[in-house]
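Chain by chain, the residues:
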Amino acid sequence: DMKVTQMPRYLIKRMGENVLLECGQDMSHETMYWYRQDPGLGLQLIYISYDVDSNSEGDIPKGYRVSRKKREHFSLILDSAKTNQTSVYFCASSFREGTEVFFGKGTRLTVV
Amino acid sequence: KTQVEQSPQSLVVRQGENCVLQCNYSVTPDNHLRWFKQDTGKGLVSLTVLVHENDKTSNGRYSATLDKDAKHSTLHITATLLDDTATYICVVGDRGSALGRLHFGAGTQLIVIP
């Protein structure tokens, strides 16, 4: 069953709190991604991971960090969340070669 | 600068009608173009991928075209159903591997009414 699973699906945090978003995939994909989706904008790439401990900044990495210690798991961490990090966060995964990308259902994060 | 522009921004059609969604892009190189369907509160699900100049694809009631010279793609939905209500997102990849970048449009919100 090919799946990208995100937890939690909904999260409300206070400004300054730490946030951990988790993502798992069961397809043995080497590459995993974190995107955010804001109204009126296309998805923006935060970080990409090419394999365990092989992570690269995307287009908007400021305020975020990631961790990939196992191929099937990719975490997004917000140290001291800000209100402008309120968004829907999507995790995705793919093989290194090829064009197909699989997306999770998203985590709606609200920072108050 | 937005490299993938979708139109219209939103669209309301009656069940059973056909509709056409447009995608114009400036991404270079343009290795492939993929259309996704995003139901409200859900992730993106791939509908079809176009790779070659003048590609045409068909997936049930969904069909798509790609004109690489014009950097333009269309998604046609035939005989719309209420379940077609969703946001349709055009994505252009600049490589055929994870080493490339995906460039996302903001989407067209389609509402199908009875």
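See the structure above.
The structure displayed is predicted, hence computed values, not measured ones. (Residues numbered from 1 in each chain as written. Chains lettered and ligands numbered in written order. Predicted model: local features only at pLDDT ≥ 70, side-chain atom pairs only at ≥ 80, totals over all residues. Heavy atoms only, no water.)

Attention shifts here to the overall build of chain A. A count of helical and extended segments in chain A gives 0 helices and 11 strands. When the elements of chain A are put in sequence order from the N terminus, they spell out β-β-β-β-β-β-β-β-β-β-β. Against the compact-globule benchmark of 13 Å for 112 residues, chain A has a radius of gyration of 13 Å, which places it among compact chains. Summarising its shape, the C-alpha atoms of chain A cover approximately 40 × 25 × 25 Å along the three principal directions. The 112 residues of chain A split such that 49% are buried. In chain A, 54% of the contacts between residues at least 6 apart in sequence involve partners at least 24 apart. Only carbon and sulfur atoms are counted for the fraction: they give 51% of the accessible area of chain A, which is about 5600 Å². Of the side-chain charges in chain A, 15 are positive and 14 negative, and the distance between the mean point of each set is 7 Å. (Helix = DSSP H or I, 4+ residues; strand = E, 2+ residues; numbered from the N terminus. Rg over C-alpha atoms; globule rule 2.2 N^0.38 Å. Buried < 20%, exposed > 50% of the residue type's maximum accessible area, 1.4 Å probe, protein only. Contact = heavy atoms within 4.5 Å. Areas by Shrake-Rupley, 256 points an atom, 1.4 Å probe, with all protein chains shown as cover. Lys, Arg positive; Asp, Glu negative; His and termini not counted. Charge placed at Lys NZ, Arg CZ, Asp CG, Glu CD.)

On to the state of the cysteines. Counted under the stated rule, the structure contains 2 disulfides over all chains. The disulfide bridge from Cys23(A) ends at Cys91(A), spanning 1.9 Å between sulfur atoms. The S-S bond linking Cys23(A) to Cys91(A) shows a torsion near -75°; that makes this disulfide left-handed. Taken together, the positions of Cys23(A) in strand E3 (residues 19-25) and Cys91(A) in strand E9 (residues 87-94) put the pair 68 residues apart, joining distant regions of the chain. Here Cys23(B) engages in a disulfide with Cys90(B); their sulfurs sit 2.0 Å apart. Across the disulfide from Cys23(B) to Cys90(B), rotation about the S-S bond amounts to roughly -70°, and the bridge is consequently left-handed. (Disulfide = S-S within 2.5 Å.)

Bringing the pattern of salt bridges into the picture now. In this structure the tally under the stated criterion is 10 salt bridges over all chains. Asp39(B) serves as the salt-bridge partner of Lys37(B), at 3.9 Å between the closest nitrogen and oxygen. Of the residues examined, Lys37(B) reaches a relative accessible area of 15% and is grouped as buried. Shared partners join several salt bridges into a network, and the residues in it are Glu30(A), Asp51(A), Arg71(A) and Arg96(A). (Salt bridge = Lys/Arg side-chain N within 4 Å of Asp/Glu carboxyl O.)

The computed volume of the largest pocket comes to approximately 1200 Å³. Lining the largest pocket are 49 residues; nearest its centre among them are Gln37(A), Asp38(A), Leu41(A), Gly42(A) and Ala106(B). Every element with two or more residues in the lining of the largest pocket is listed here: strand E4 (31-37), strand E5 (44-51), E9 and strand E11 (107-111) of chain A together with strand E1 (4-7), strand E9 (86-93), strand E10 (102-104) and strand E11 (108-113) of chain B. Examining the composition of the lining of the largest pocket, we find that 4 residues originate from one element, E11(A), more than from any other. Of the residues that constitute the lining of the largest pocket, the class distribution is 17 nonpolar, 22 polar and 10 charged. Elements that contribute at least two residues to the lining of the second largest pocket include exactly strand E1 (4-7) and strand E10 (102-103) of chain A together with strand E5 (44-50) of chain B. (1 Å grid on protein atoms, 1.4 Å probe; cavity = no way out; pocket = protein on both sides within 12 Å on 5 of 7 lines; lining within 4 Å. Points joined across faces, edges and corners; volume = space filled by probe spheres on them. Nonpolar A, V, L, I, M, F, W, Y, C, P; charged D, E, K, R; others polar.)

All names here are of chain B. The strand order across the open sheet built from 5 strands is E1-E3-E8-E7-E6, with neighbouring strands paired in antiparallel fashion. Both edges of this open sheet fall to E1 and strand E6 (56-59), since each of them pairs with a single strand only. Going from strand to strand, the sheet's axes swing by 15° on average, the running direction of each strand aside. Sheet analysis places E6 next to strand E7 (residues 62-67), joined by 4 bridges and oriented antiparallel. (Pairing = 2+ DSSP bridges. Axes fitted to C-alpha atoms, helices over the stretch in contact; angles between N-to-C directions.)

Here the focus is the packing of aromatic side chains. Under the criterion given, the structure shown has 8 aromatic pairs over all chains. Considering the side-chain rings of Tyr35(A) and Phe104(B), the 5.0 Å spacing of their centres and the 70° angle between planes classify their relative orientation as edge-to-face. One end of the pair, Tyr35(A), is in strand E4; the other, Phe104(B), is in strand E10, on a second chain. Judged on exposure class, the residue Tyr35(A) and its partner Phe104(B) are both buried. Aromatic pair Phe103(A) and Phe36(B): ring centres 5.5 Å apart, planes at 85°, arrangement edge-to-face. A residue pair is termed interchain when its members come from two chains, as with Phe103(A) in strand E10 and Phe36(B) in strand E4 (residues 32-38). (Phe/Tyr/Trp six-rings, centres within 6.5 Å; stacked < 30°, edge-to-face > 60°.)

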